[in-house]
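Close look at the chain arrangement
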Amino acid sequence: MLPALASRLGRWNGAMHAALPAATQGLGFHVNSSGNPTNYEEEEEVPPYSPALQHPAYVVRKTGVDILHDPWCNKGSAFPKSERDRLGLRGLLPPRSLTMELQAARFMEDYYQPRELIPPEDVKLGGVTSAMARRWKLLQELQDRNETLFYRVLVDNFTEMAPIIYTPTVGWVCVNYHKLYRRPRGMYFSAADRGDMLAMAYNWPQQDVQAIVVTDGSRILGLGDLGVNGLGIPIGKLDLYCAAAGFSPSKVLPVVIDVGTNNEALRNDPHYVGLRIPRITGPEYFAIIDEFVSAVMARWPSAVLQFEDFSINHAVPLLERYRKHHLVFNDDIQGTAATALAGLYGALRVMGLPPAALGQQRIVCVGAGSAGMGVVKMIASGMEKQQGLSPKQAADRFHVIDAHGLITSARTGIADFARPFARTDPTHEGEDLLSVVKRVKPTILLGLAGAGRLFTEEVLEAMNKGCPSQRPIIFPMSNPTSRMECTAEDAMRVTQGRAIFASGSPQPPVTLASGRQVAVSQCNNMYIFPGIALGAYLGQTRIITDRMLMAAAEELPRLIPQEELERGLVYPKLSKIRDISVSIATAVANAAGDEGRLRGRMREKYAQGDEALRAYIASSMFYPNYSALVHVPHGIGE
Ligand SMILES: NC(=O)C1=CN([C@@H]2O[C@H](COP(=O)(O)OP(=O)(O)OC[C@H]3O[C@@H](n4cnc5c(N)ncnc54)[C@H](O)[C@@H]3O)[C@@H](O)[C@H]2O)C=CC1
Ligand SMILES: CC(=O)C(=O)O
Ligand SMILES: [Mg+2]
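Residues numbered from 1 in each chain as written. Chains lettered and ligands numbered in written order. Predicted model: local features only at pLDDT ≥ 70, side-chain atom pairs only at ≥ 80, totals over all residues. Heavy atoms only, no water.

Let me state the cut-off plainly: UniProt positions are given in the numbering used here, feature names are shortened, and annotations may be inferred rather than shown by experiment.
In the nomenclature of an unreviewed UniProt entry, the chain corresponds to Malic enzyme from the organism Chlamydomonas schloesseri. Checking UniProt for the chain, the heading Sequence similarities (unreviewed entry) contains the comment "Belongs to the malic enzymes family."

Shown next as structure tokens:
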């Protein structure tokens, strides 16, 4: 059926191709290098067939300039001559046809050219330099004109570019989104669209959407309420879905739901593109989100829906509202939790300790919001699972601090999710971080407050002193860099390189006064959410369970090579992100299979074992290569 082939469906059909060589080889044929069977012996070497290397064709209905203006089809100067002929491109492009590799090299030359294009006052979000902002703009322009090349350079340069398309630069992008806005990307649903959302979902041109990331812009990283400017986050997250987990760019949908903003400066900014009203709350808010969820689930019932950067008052109730019925997860609560637990298992491995040693740790967590409490709850589950602690025994290992200090049973208005972790001694209510660290002598210090440098020199000093028998584990996880609780340089200097360190946004390695260089890790949910979504989507698991998330957390530290553990790294290298995502997806799918939740091909593969499951997942991933474009006029095969 031709329409089914249209719009890059072919990019997902690696598994389909895998049947070909098995069939030909099964008949006793040899396969020559052009893929044709022959019935005589050839001298030349026959390379192994690799479905991942196939470049399937896909059908387009347009020709000429319409192709060049479509970033999903455009190849810029790389259209081969045959395609220029059949797509009506002759004369519309310079005559020489370049390779994708040459195009990528040309882009990278420009990318690395030091040029200051933005005024210095824009560079006030720590960690985002004008060079980074310029690189974001270059990548954005590339994505707007040639998506395939954009994803190719992103996949090939993931470690370098993740901080540009994602944290910290994406924080700067969101703050300035209304000024940077050039072309539409993703969808906007607003309070003014009540009653029309299902119809609006049909305005999106893609019939097959596999992953949606939605925000209401209410808590963007640690930068607060940024209204519709928050759309930059779903865009960045989905770029990671495509680059890191092989979702096809044409099958992902970034969304912002505009229910107003309490950010007055933004609301009064003449260039702001969202509704200029205070945030809607209460039943009306939930009715809007319900309508949105029903609309997208009705149009794309197989899609995974990721909730991102919702403020705490809505993040938890929304997750509870949908998680038992729909293929949804909240990245800040669940993805972050799995990532942090994985990093702690990694830190234990660095010290040569087993996962069960988690239950002996004393943990101080600063920040009791959606991320902080998600992390605390999951670490407690890890302790219960690994060491058989009761929930109460596990909770006793934690001291949780929020903007009002240490949370104890004396706190009034304590949130349900924080209550189990409130300290039982009311005399310490509201105690400040430094006093808590001095008194409790934590072995693990987590920062998820989004309030900047709370891990002061004194706090780090006290942490180091109170932790003589093992290396202090220090994870300032807030984003972007300006909101992190401390820098790697601070932590390593004060602890003389003893700390095992991971931060939410990337940090350079640190050179100590002695000249020794220490490696640092990045503790960011990007290690986990692409793989969770991939496993859950391919397996059509209907819901995402705690067991699936725990499987992801346990898998990640297994992927750190010994040599990296010896350097103190608690996560595998980001350059391996696609392999990491395959492993996470496989672990998630295995857990779902154990629970009887897999459907279709994934269920078959699960029955065949880990290798088959893994191979199937890997073969289903999009890899950015130019496909041959075949023009089929409207009316034929539609
Ligand atoms: N590294 C990662 O993968 C992730 C990092 N985060 C980061 O975590 C931070 C918090 O996110 P959410 O929990 O969703 O925010 P939230 O707004 O729900 O919670 C913030 C918490 O920090 C507390 N807090 C604020 N100021 C404080 C202070 N001066 N001292 C002590 N506590 C203070 C608040 O009382 C609240 O409990 C953000 O910066 C976000 O970027 C969030 C998700 C993933
Ligand atoms: C990383 C992330 O999801 C956050 O900072 O909100
Ligand atoms: Mg987030």
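1. Description of the UniProt feature "domain: Malic enzyme N-terminal" (unreviewed entry) in the chain
The following threshold applies: Counting from the N terminus, the helices are DSSP H or I runs at least four residues long and the strands are E runs at least two residues long.
Here the UniProt-annotated "domain: Malic enzyme N-terminal" (unreviewed entry) positions come out as residues 143-323. The span residues 143-323 is 46% helix and 11% strand, and its two end C-alpha atoms sit 33 Å from each other.

2. What about the site of ligand 2?
Rules: Nearness is defined per residue: one heavy atom within 4 Å of the molecule or strand is enough. Throughout this description, a polar contact denotes any pair of N or O atoms lying within 3.5 Å of each other; where both atoms belong to protein, one of them has to be capable of donating a hydrogen while the other can accept it, and for residues adjacent in sequence the pair is counted only when both atoms sit in side chains. Residue exposure ignores everything except the shown protein chains as possible cover, and the areas themselves are Shrake-Rupley values with a 1.4 Å probe.
Near ligand 2 you find Tyr-166, Arg-219, Leu-221, Lys-237, Glu-308, Asp-309, Asp-331, Asp-332, Asn-479, Asn-524 and Asn-525, and these make up its full shell. Note that an oxygen atom of ligand 2 is positioned 3.0 Å from one of the side-chain N or O atoms of Arg-219. One of the side-chain N or O atoms of Glu-308 is found 3.0 Å from an oxygen atom in ligand 2. A total of 220 Å² of accessible area belongs to ligand 2 in isolation, and the protein chains cover 90% of it.

3. A short note on helix α6 (residues 100-111)
Formally: Expected span of a helix: the number of residues minus one, times 1.5 Å. Working definition: with a 1.4 Å probe on protein chains only, accessible area under 20% of the residue-type maximum means buried, over 50% means exposed, and in between means partly exposed. The arc in question is the one spanned by the directions pointing from the helix axis to the C-beta atoms. Any pair of residues with heavy atoms lying within 4.5 Å of one another is described as a contacting pair.
Over its twelve residues, α6 runs 16 Å from end to end, which matches the ideal 16 Å to within 8%, given 1.5 Å per residue. Buried within α6 we find Met-100, Gln-103, Ala-104, Phe-107, Met-108 and Tyr-111. Buried residues of α6, viewed axially, fall in a sector of 135°; they line one side. With respect to the buried face of α6, the exposed residues turned more than 90 degrees away are Glu-101, Arg-106 and Glu-109. The inward-facing, buried residues of α6 contact α7 (130-145), α8 (147-156) and α9 (158-165).

4. Looking at the sheet that holds strand β6 (residues 252-258)
We count it as follows: Here, any two strands with at least 2 DSSP bridges between them count as paired. The convention used is that axes are lines fitted to C-alpha atoms, helices contributing only their stretch in contact, and that angles between N-to-C directions extend from 0 to 180 degrees.
The five strands are arranged β4-β6-β5-β7-β8 in an open sheet whose pairing can be described as parallel. At either margin of the open sheet sits one strand with a lone partner, and together these are β4 (187-190) and β8 (328-330). When the angles between neighbouring strand axes are averaged without regard to direction, this sheet yields 25°.

5. Quick word on the coordination of the magnesium ion (ligand 3)
Threshold: Metal donors: N, O and S atoms at distances within 2.8 Å, or within 3.2 Å for Na, K and Ca, with water omitted from the atom set so that some sites may seem incomplete.
Looking at the metal site, the magnesium ion (ligand 3) is ligated by Glu-308 (OE), Asp-309 (OD) and Asp-332 (OD), spaced 2.0 to 2.1 Å from it. Read in sequence order, the donor residues for the magnesium ion (ligand 3) give the motif E-D-x22-D. Here Asp-332 lies in helix α17 (residues 331-350) and Glu-308 lies in the loop between β7 (304-307) and α16 (312-322), a separation of 24 residues in the sequence.

6. Examining unusual backbone geometry
Of note, the amide linkage connecting Thr-167 to Pro-168 takes the cis form, showing an omega dihedral of 10°. Among the secondary structure elements, Pro-168 is positioned in the loop between α9 and α10 (169-175). Geometrically, the link from Asn-479 to Pro-480 is a cis peptide bond, its omega value of -10° lying close to zero. Its place among the elements puts Pro-480 in the loop between β13 (473-476) and α22 (488-494). Positive phi is not limited to glycine here, since Leu-221 has a value of about 45°. Position of Leu-221 relative to the elements: it lies in the loop between β5 (211-215) and α13 (232-245).

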